[in-house]
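Architecture and fold: a report
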Amino acid sequence: MLVRIRRSVPNGLRLPLGIGLCVGGVLGFLPILGFWMLPLGFALIAMDVRWLRHRMQRKSPPAMTQAPEDH
């Protein structure tokens, strides 16, 4: 899913979208928002922030760190 987001969402929009998801995740007790927004928001932020990206890659399984090959 993150590979698809990386390809379709412009660079300048990922960081604000990730911050918005994190803020919405903090308000996860409300009916429409949910706590599922926190990890997705952090993953979007990590795409643009170098030290978070390296930290996320170290903790994920090897198959998750490599982008799928284009056919």
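Residues numbered from 1 in each chain as written. Predicted model: local features only at pLDDT ≥ 70, side-chain atom pairs only at ≥ 80, totals over all residues. Heavy atoms only, no water.

1. Quick notes on a nonpolar patch on the surface
To be explicit about the condition: For patch detection, residues must exceed 30% relative accessible area and be free of salt bridges, and they are connected within 9 Å for like charges or within 5 Å for nonpolar side chains (Val, Leu, Ile, Met, Phe, Trp, Tyr). For every accessible area listed, the method is Shrake-Rupley and the probe measures 1.4 Å; residues are considered covered only by the protein chains on display. Should a side-chain nitrogen of Lys or Arg be within 4 Å of a carboxyl oxygen of Asp or Glu, the pair is scored as a salt bridge. In this text, helices come from DSSP runs of H or I with a minimum length of four residues, and strands from runs of E with a minimum of two, each type numbered from the N-terminal end.
Among the surface-exposed residues, L15, I19, V23, V26, L27, F29, L30 and F35 lie close enough to one another that they form a single nonpolar patch of about 750 Å² accessible area. Here F29 lies in the loop between α2 (11-26) and α3 (37-48).

2. Overview of α3
One turn of the α-helix equals 3.6 residues, which is why residues spaced by three or four share an orientation. Note the following rule: Helix span, as expected, comes to 1.5 Å for every residue beyond the first. Type-normalised accessible area, obtained with a 1.4 Å probe on protein chains alone, sets the label of each residue: buried when under 20%, exposed when over 50%, and partly exposed for intermediate values.
Its 12 residues place the ends of α3 17 Å apart at the C-alpha level, agreeing with the 16 Å of an ideal helix rising 1.5 Å per residue. Turning to α3, its buried residues number three or more, namely M37, L40, G41, A43, L44, I45, A46 and M47.

3. Comments concerning the nonpolar core
Threshold: We call a set of buried residues a nonpolar core when its members are Ala, Val, Leu, Ile, Met, Phe, Trp, Tyr or Cys and they connect through side-chain atoms within 4.5 Å of each other. Working rule for contacts: check all heavy atoms of both residues, and any pair within 4.5 Å makes them a contact.
Within the largest apolar cluster, seven residues are counted, these being I5, V9, L21, M37, L40, L44 and M47. In terms of residues, this core owes the most to one element, α3, which gives four residues. Excluding residues that lie within four positions of it along the chain, L40 makes contacts with M1, L2, I5 and L21.

4. Some points on the side chain of R14
The criterion, for reference: Here a polar contact is taken to be a pair of N or O atoms separated by no more than 3.5 Å, where protein atoms must pair a possible hydrogen donor with a possible acceptor and residues adjacent in sequence count only if both atoms sit in side chains.
With respect to the helices and strands, R14 occurs in helix α2. For R14, a relative accessible area of 5% puts it in the buried group. Engagement of the side chain of R14 in a polar contact is seen with the side chain of D48, the distance being 2.9 Å. Ignoring any residue separated from it by four or fewer positions in sequence, one finds R14 in contact with R6, V9, L44, M47 and D48.

5. Describing α2
To be explicit about the condition: This arc is taken over the directions from the axis of the helix to the C-beta atoms.
Along its 16 residues, α2 runs 24 Å from first to last C-alpha, staying within 8% of the 22 Å computed at 1.5 Å per residue. What α2 keeps buried is the set R14, G18, L21, C22, G24 and G25. Buried residues of α2 fall within an arc of 160° about the axis and therefore sit on the same side. Seen from the open side of α2, the exposed residues pointing more than 90 degrees away from its buried face are G12, V23 and V26. On its buried face, α2 sits against α1 (2-8) and α3.

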